[in-house]
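Residue-level structure breakdown
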Amino acid sequence: MQSFRVHSVHQTAFGKYPFLVLNRRDEGKVEFDLSCLGNDHLPHVQVPLDSVYDVLEGRCVDIDVKTAYLAMTPMGDRVLIECTGQGGSVRQFLWMAELALAWNLMSRTPGWKFNLA
């Protein structure tokens, strides 16, 4: 399984940078592991790879699944990730360049397909 980290813009009080883990899943899907962003109780959310591309193009993306609500809002060189679930919520600014690099590496993986309609 391929995994990529997308780091937060801001440090914690302990001098560490929280990060989002993107895990490659089934064809055209990526799993957002939000536990390293500051809330261990949030579920993992599967997102279409196309949704990540939409954010890179400057569009806001909202994903509502049974266990959580995830919103991604691009803001210049940053992307705001907000997630609310049964285990609580998290709100972090992440680096857009790291998200772009992760998308680029995942989208070029053999066997993956995505639609750029």
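Refer to the preceding data block for the structure.
So, a few notes on the structure that sits alongside this text. (Residues numbered from 1 in each chain as written. Predicted model: local features only at pLDDT ≥ 70, side-chain atom pairs only at ≥ 80, totals over all residues. Heavy atoms only, no water.)

With that settled, the discussion passes to the side chain of serine 51. Residue placement: serine 51 occurs in helix H1 (residues 49–56). Here serine 51 falls in the buried class, since its relative accessible area comes to 11%. Ignoring anything within four residues of it in the chain, the contact list for serine 51 reads Val61, Ile63 and Met72. (Helix = DSSP H or I, 4+ residues; strand = E, 2+ residues; numbered from the N terminus. Buried < 20%, exposed > 50% of the residue type's maximum accessible area, 1.4 Å probe, protein only. Contact = heavy atoms within 4.5 Å.)

Taken in spatial order, the four strands line up as E5-E6-E7-E8 in an open sheet, and their pairing is antiparallel. Each edge of the open sheet carries a strand with a single partner, namely strand E5 (61–64) and strand E8 (88–95). The sheet shows a mean angle of 10 degrees between the axes of neighbouring strands, taken without regard to direction. As paired strands, E5 and strand E6 (residues 68–75) are joined by four bridges and run antiparallel to one another. The residue bridging aspartate 62 from the neighbouring strand is alanine 71, located in E6. Contacts from H1 reach E5, E6 and strand E7 (78–85) within the one sheet, and its direction differs from that of E5 by about 150 degrees. Those strands touched by helix H2 (residues 96–107) are E6, E7 and E8, and its axis lies near 90 degrees from that of E8. (Pairing = 2+ DSSP bridges. Axes fitted to C-alpha atoms, helices over the stretch in contact; angles between N-to-C directions.)

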